[in-house]
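# Descriptive structure summary
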Amino acid sequence: KAGVTQTPRYLIKTRGQQVTLSCSPISGHRSVSWYQQTPGQGLQFLFEYFSETQRNKGNFPGRFSGRQFSNSRSEMNVSTLELGDSALYLCASSLLLTGSYGYTFGSGTRLTVV
Amino acid sequence: DQQVKQNSPSLSVQEGRISILNCDYTNSMFDYFLWYKKYPAEGPTFLISISSIKDKNEDGRFTVFLNKSAKHLSLHIVPSQPGDSAVYFCAARRETSGSRLTFGEGTQLTVNP
């Protein structure tokens with residue numbers, strides 16, 4: 001069975017631009033969460049979607065937004081990019097909202113802002 | 001406020017010996033704990049988890065211990081293999097927070113042949 005697919009794998013953007021990242025969860029998984037990983041910071045929770053509704057949001061500015069479609073695919077958008085937004089962005093899918101059956105991560109999108 | 005902490009940024013062990021990775025947490029509302037392994041340029045891979053109602057969970061070479069009174073958990077890998085070399089993340093979840101995981105900063109494990 002296919003895993004969590006994130007596209008693109010690598011992205012280079014200029015300060016001030018906006019970017020959209022995509023995540024396709026495992027088939028049947030309805031919960032998608034997004035995390036940002038920067039050097040020395042571990043993984044920081046961005047937001048979580050379940051059945052097209054944002055259920056949880058981390059402590060990130062409003063420039064970070066997301067959405068989920070009826071097929072559970074999710075996108076996250078970052079507007080007015082800053083150098084500090086350079087990071088590995090990971091999404092994770094799980095069967096249920098509580099993730100009781102485990103979370104599966106994608107390989108991530110490496111975003112570089114120059 | 002770092003609610004999940006992994007105080008050792010790195011750990012080096014010999015092949016065949018035991019690796020012990022530690023994790024402390026401050027939020028007593030966490031009810032589920034997970035360990036993930038991560039290689040560079042890949043997403044974290046789930047290793048093992050433990051519910052707060054248990055104090056031990058085993059899966060092959062991996063065992064996780066939970067000490068709720070000390071708010072401490074540890075991951076034991078026995079025997080350690082060179083392929084175990086990776087960054088290990090401890091994560092915690094509150095049932096009321098949906099799928100949101102709070103991660104530690106990670107520990108780089110190096111297993112030397």
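Attention here is on the structure that accompanies the text. As a convention, each chain's residues are numbered from 1 in the sequence order in which they are written. Lettering for chains starts from A, numbering for ligands starts from 1, and both go in the order in which the items are written. Totals for whole chains, interfaces and linings use all residues, but because this is a predicted model, local features are given only for residues with pLDDT of at least 70 and pairs of side-chain atoms are given and counted only at 80 or more. To obtain the side-chain values, all non-hydrogen atoms of the structure were included, while hydrogens and water were left out.

It is worth spelling out the overall build of chain A at this point. Under the DSSP-based scheme used, a helix requires at least four consecutive residues in state H or I and a strand at least two consecutive residues in state E, with every element numbered from the N terminus. Tallying secondary structure elements over chain A gives 0 helices and 11 strands in all. Reading the helices (α) and strands (β) of chain A from amino to carboxyl end gives β-β-β-β-β-β-β-β-β-β-β. Each radius of gyration reported is based on C-alpha atoms, and the globular scaling rule is 2.2 Å times the count of residues to the power 0.38. By the compact-globule yardstick of 13 Å for 114 residues, chain A fits well, its C-alpha radius of gyration being 13 Å. Along the three orthogonal principal directions, the C-alpha set of chain A runs to about 40 × 30 × 25 Å.

This next bit is on the side chain of Ser80 of chain B. Residue and element names in this part refer to chain B. Residue position: Ser80 is located in the loop between strand S8 (72-77) and strand S9 (86-93). Polar contact is the term for a pair of N or O atoms within 3.5 Å; when the atoms are in protein, one must be able to donate a hydrogen and the other to accept it, and sequence-neighboring residues count only if both atoms are side-chain atoms. A polar contact of 2.6 Å, which involves the side chain of Ser80, links it to the side chain of Ser19. Residue contacts follow a heavy-atom distance rule, with two residues in contact if any of their heavy atoms lie within 4.5 Å. Discounting residues that sit within four places of it in the chain, Ser80 has contacts with Val13, Gln14, Glu15, Gly16, Arg17, Ile18, Ser19, Arg61 and Val111.

What follows concerns the pattern of salt bridges. All names here are of chain A. Salt bridges are defined as contacts in which a side-chain nitrogen from Lys or Arg sits within 4 Å of a carboxyl oxygen from Asp or Glu. Tallied over the entire structure, the rule returns 8 salt bridges over all chains. Put simply, Glu82 and Arg63 hold a salt bridge, and the shortest N to O gap is 3.6 Å. Here Glu82, found in the loop between strand S8 (74-78) and strand S9 (87-94), pairs with Arg63, found in the loop between strand S6 (53-57) and strand S7 (64-68); they are 19 residues apart in sequence, far enough to count as distant. Residue classification places Glu82 among the partly exposed residues on the basis of a relative accessible area of 42%. Of the charged contacts in the structure, one is a salt bridge between Arg67 and Glu75, with a shortest N-O distance of 3.3 Å. Only protein chains enter the area calculation, which uses a 1.4 Å probe; residues under 20% of their type maximum are buried, those over 50% are exposed, and those in between are partly exposed. Overall, Arg67 belongs to the partly exposed group, its relative accessible area being 47%. Each of the salt bridges in this network shares a partner with another, and the network as a whole consists of Arg63, Glu82 and Asp85.

In this section: the nonpolar core. Residues and elements named next belong to chain B. Phe33, Trp35, Leu73, Leu75 and Tyr88 are the most contacted members of the largest nonpolar core, which has 23 residues in total. Listing elements by their share of this core, those giving two or more residues are strand S3 (19-25), strand S4 (32-38), strand S5 (45-51), strand S7 (62-67), S8, S9 and strand S11 (107-112). Those residues in contact with Phe33 that sit more than four places away from it in its chain are Tyr25, Ile48, Ser49, Ile50, Ser52, Leu66, Leu73, Ala91 and Ala92. Side-chain atoms within 4.5 Å are what join buried Ala, Val, Leu, Ile, Met, Phe, Trp, Tyr and Cys residues into a set we call a nonpolar core.

Residue and element names in this part refer to chain B. A pair of strands is labelled paired if DSSP reports no fewer than 2 bridges between them. Judged by pairing direction, the sheet is antiparallel, and its 5 strands sit side by side in the order S1-S3-S8-S7-S6 without closing on themselves. In this open sheet, the two edge strands, each paired with only one partner strand, are strand S1 (4-5) and strand S6 (56-59). Where S1 and S3 come together, 2 bridges link them in antiparallel fashion. Its bridge partner lying in S3, Val4 is registered against Tyr25.

Note that all results are geometric; they support no functional claim without further evidence.
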